[in-house]
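# Reading the structure
Read off the chains here:
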Amino acid sequence: MAGLRSGIVVNFQSFRKTSNILTDSFCCLFQQERAKHLNHPRLRNPIWFVRKERIKYDEQLTPENKLFIKDVVHDKYGLPTVIEGINTYQHSPLKVEPMERGTWFPGCRRSGVIARKLGIYPMWLKDGTKALTTLLQVVDNHVIRYIPPEEFNPPRSSVKCPANKQNFGCLLVGAESADPQEFTKEYCGLFKDSGVMPKKKLCRFLINPEAAIQPGTPLYVSHFKVGDYVDVRGVTIYRGFQGVVTRWGFKGGPASHGVTKTHRRPGNIGSGGEKARVWKGQKMPGHMGNRHRILKGVKILRINTKYNVMWVLGQAIAGGTNSFVYVYDTKLPLRRLTEAPYFPTFYPEDEEALPEEIYSDDLHPFTAPSITYDEKA
């Protein structure tokens, strides 16, 4: 009996080991098959999405130490200066090899610029028509980095055709130089290869490989020409949580005659019968503003090359005064460029000197007389 009992115990232990080995193998196979079908998140932050601002401590620096830090910044980036009417720095030479300039072709997508919205200004055409324009100033723009199409992996792929990958590269542009002490070490590292000061604002533009620009190259308002059509993208003014009268322009209820606490209410929001529900897109109270909006097909009427300012037709550009907007060639098929622009951008050393004021053909310049007299008549 004792031998039989020991044999049963040994067989049971061997069976238990074999079952554990099979269980582990099945678990490994299941995990491998599951790993193939995991739904990984598609949204990946770009390389320039790093922590920007740092915590500013009271480091109690002496005046001598502050002066020493300023000297180090000036030795690396140059002395403060005014270029094209913008307060900036004398930038150091480029640290990467120069790029070959491509050739423009119809439909080629090139870079845009970052501008500040200065306000609304009236202009007059030659036929006497009044035209309200918006002033946009291109503020200290420089190319920070270029990512070729084979290395650029956008965060979101095309929903309609995910397999169709467009042959576009990514050009990172920055605006308004600032003191490196205001930013983190990771954020300042983005500007290491371009050799320019850290920028307050960054923006990326999808371009064709032929329109690649050397990192560190400045971008001026002369990147565009008078008469071109551009798209302007900005963020609308944030109005907070608003009711339907302010948000959607509802008329509201009567002021009197039996109305009690329903003067500015939306009223009925549903329907009866089989459609007894609230339909999608129903206009209701909510947050108003703080949304990206694009004004397409805006014509450039005037350019000032001294202060990097352009006058564009219209006053519906999103954003308040002194807000940032992004300006690039329009994508409307009937208003695209038909003639070669400054490609890939305007280089002052290669082009002839431009006049300070450039007006459109149908715009009345202020320097010209508005009334003329004919002696014969």
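Report on the accompanying structure. (Residues numbered from 1 in each chain as written. Predicted model: local features only at pLDDT ≥ 70, side-chain atom pairs only at ≥ 80, totals over all residues. Heavy atoms only, no water.)

### Describing the pattern of salt bridges
A complete count under the given rule lists seven salt bridges for this structure. Notably, a salt bridge pairs Arg110 with Asp329, separated by 2.7 Å at the nearest N-O pair. Taken together, the residues Arg110 in the loop between strand 2 (86-89) and strand 3 (113-124) and Asp329 in strand 14 (residues 324-329) connect sequence positions 219 residues apart. Each member of the pair, Arg110 as well as Asp329, carries the same accessibility label: buried. Between Glu176 and Arg116 there is a salt bridge whose closest N-O contact spans 2.5 Å. Residue Glu176 is found in strand 6 (residues 169-177), and its partner Arg116 is found in strand 3; the two are separated by 60 residues along the sequence. Both residues of the pair, Glu176 and Arg116, belong to the buried class. Taken together, the shared-partner salt bridges connect Arg116, Glu176 and Lys200 into one network. (Salt bridge = Lys/Arg side-chain N within 4 Å of Asp/Glu carboxyl O. Helix = DSSP H or I, 4+ residues; strand = E, 2+ residues; numbered from the N terminus. Buried < 20%, exposed > 50% of the residue type's maximum accessible area, 1.4 Å probe, protein only.)

### What about the environment of Leu337?
Looking at the secondary structure, you find Leu337 in the loop between strand 14 and strand 15 (357-359). Placed 108 residues apart in sequence, Leu337 and Tyr229 show a C-alpha to C-alpha distance of 7.9 Å. What Leu337 contacts, discounting residues up to four positions off in sequence, is Trp104, Arg110, Asp228 and Asp329. (Contact = heavy atoms within 4.5 Å.)

### Points about a positive patch on the surface
A surface patch of like charges, here positive, comprises Arg204, Lys296, Lys331 and Arg336. Inspection of the secondary structure assignment puts Lys331 in the loop between strand 14 and strand 15. Here Lys331 falls in the partly exposed class, since its relative accessible area comes to 43%. (Patch = residues over 30% accessible without salt bridge, like charges linked within 9 Å, V, L, I, M, F, W, Y side chains within 5 Å. Areas by Shrake-Rupley, 256 points an atom, 1.4 Å probe, with all protein chains shown as cover. Lys, Arg positive; Asp, Glu negative; His and termini not counted. Charge placed at Lys NZ, Arg CZ, Asp CG, Glu CD.)

### A short note on the packing of aromatic side chains
One pass over the full model with this rule turns up five aromatic pairs. When the ring of Trp48 is compared with that of Phe49, the centres are 6.5 Å apart and the planes differ by 70°; the resulting orientation is edge-to-face. Given a relative accessible area of 12%, Trp48 falls into the buried group. On the numbers, 5.3 Å between centres and 65° between planes, the contact of Tyr187 with Phe191 is edge-to-face. Each member of the pair, Tyr187 together with Phe191, is buried. An aromatic cluster is present here, built from Phe183, Tyr187 and Phe191 joined pairwise through their rings. (Phe/Tyr/Trp six-rings, centres within 6.5 Å; stacked < 30°, edge-to-face > 60°.)

### Description of a nonpolar patch on the surface
Together, Tyr121, Trp124 and Phe366 make up a nonpolar patch on the protein surface, roughly 290 Å² of accessible area in all. Among the secondary structure elements, Tyr121 is positioned in strand 3. On the accessibility criterion, Tyr121 (36% relative accessible area) is partly exposed.

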